[in-house]
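# Inside the fold
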Amino acid sequence: MTGALIWLIAGILLIIAELLSGDLFLLMVGVGALFGAGSAALTGNPFIDVAVFAIASVGMLALVRPTLKRRFLSGPDIKTNTDALIGARAVVVSTVDVEGGQVKLAGDVWSARCMSEGEPIAPGTSVTVVEISGATAVVSAAL
């Protein structure tokens with residue numbers, strides 16, 4: 001039972017140490033140590049305990065850690081800066097055509113131009129931002 005207690009303490013300490021590193025390595029080894037503690041409680045054979053620890057740790061490092069890292073590092077797909085403005089609605093402030101104009105977008109007045117030739121878009125009309133080209137919003141009539 002003493003071996004199981006040592007494995008248990010080692011596992012808990014490794015998991016706590018993971019809070020400082022954040023790399024998920026110590027967490028996987030700590031879980032392997034908890035498996036070693038379970039093995040020590042059941043068998044009491046130190047060779048089997050070390051084998052269970054090694055297999056569990058390597059398995060966790062090879063299979064679980066990459067999946068968890070990918071999931072934590074990918075995060076939500078949050079658009080920022082000008083990417084966040086694409087698809088946004090704007091209101092025409094001064095007539096917009098292929099040569100220029102102005103729209104109110106996200107609380108600011110932006111230079112704008114139409115995406116395609118056609119009739120100019122009159123002030124007060126709602127438009128959709130298709131792209132941001134430099135400091136100019138390329139817009140099309142809202143659907």
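For clarity, every value in this text was computed on a predicted model and none was experimentally measured.

So, how was this worked out
Residues numbered from 1 in each chain as written. Predicted model: local features only at pLDDT ≥ 70, side-chain atom pairs only at ≥ 80, totals over all residues. Heavy atoms only, no water. Helix = DSSP H or I, 4+ residues; strand = E, 2+ residues; numbered from the N terminus. Expected span 1.5 Å × (residues − 1). Bend = angle between axes of the 7 residues up to and from the residue. Buried < 20%, exposed > 50% of the residue type's maximum accessible area, 1.4 Å probe, protein only. Contact = heavy atoms within 4.5 Å. Polar contact = N/O pair within 3.5 Å; in protein donor to acceptor, adjacent residues only side chain to side chain. Pairing = 2+ DSSP bridges. UniProt positions renumbered as here; feature names shortened; annotations may be inferred. Phe/Tyr/Trp six-rings, centres within 6.5 Å; stacked < 30°, edge-to-face > 60°. Salt bridge = Lys/Arg side-chain N within 4 Å of Asp/Glu carboxyl O.

For helix H3 (residues 46–74), which comprises 29 residues, the first-to-last C-alpha distance of 40 Å matches the rise-based estimate of 42 Å (1.5 Å per residue) to within 8%. Of all the bends in H3, the largest measures some 40° and sits at Val-64, one to four residues before the proline Pro-66. For H3, every residue scored as buried is listed here: Asp-49, Ala-56, Ser-57, Met-60 and Arg-65. Lining the buried residues of H3 we find helix H1 (2–21) and helix H2 (25–42). The distance from a side-chain oxygen at the start of H3 to the backbone nitrogen of Phe-47 is 3.0 Å, and the residue carrying that oxygen is Asn-45.

When strand E1 (residues 89–94) meets strand E4 (residues 126–133), the two strands line up antiparallel, connected through three bridges. Bridge pairing in E4 places Arg-89 opposite Thr-128. Direction of pairing for E4 relative to strand E5 (residues 136–141): antiparallel, over a ladder of six bridges. The residue of E5 that forms the bridge with Glu-131 is Val-138. Connecting E4 to the antiparallel partner E5 that follows it, the hairpin turn spans two residues, and Gly-134 within it adopts a positive phi of roughly 65°.

With that out of the way, let us pick up the UniProt feature "domain: NfeD-like C-terminal" (unreviewed entry) in the protein chain. As recorded in UniProt, the sites labelled "domain: NfeD-like C-terminal" (unreviewed entry) are residues 83–139. Secondary structure content for residues 83–139 is 0% helix and 51% strand, and the end C-alpha separation is 14 Å.

Here we come to the UniProt feature "transmembrane region" (unreviewed entry) in the protein chain. Per the UniProt record, "transmembrane region" (unreviewed entry) is annotated on residues 7–35 and 47–64. The straight-line gap between the two end C-alpha atoms of residues 47–64 is 25 Å; of that span, 100% is helix and 0% is strand.

Enumeration according to the criterion identifies one aromatic pair in this entry. Ring geometry for Trp-7 and Phe-53: centres 5.0 Å apart, planes at 45°, overall tilted. Remark: Phe-53 occurs in helix H3 and Trp-7 occurs in helix H1; sequence separation between them is 46 residues.

Two side chains carrying opposite charge are able to pair once their charged atoms lie near each other. This structure, assessed with the given rule, holds two salt bridges. Put simply, Arg-65 and Asp-23 hold a salt bridge, and the shortest N to O gap is 2.8 Å. Here the residue Arg-65 occupies a position in helix H3, and Asp-23 occupies one in the loop between H1 and H2, the gap between them amounting to 42 residues. On the basis of relative accessibility, which here comes to 19%, the residue Arg-65 falls in the buried class. Looking at Asp-23, the relative accessible area reads 34%, which means it is partly exposed. With a shortest N-O distance of 2.9 Å, Lys-69 and Asp-23 are connected by a salt bridge. One end of the pair, Lys-69, is in helix H3; the other, Asp-23, is in the loop between H1 and H2, and 46 residues separate them in sequence. When salt bridges with common partners are traced through the structure, they connect Asp-23, Arg-65 and Lys-69 into a single cluster.

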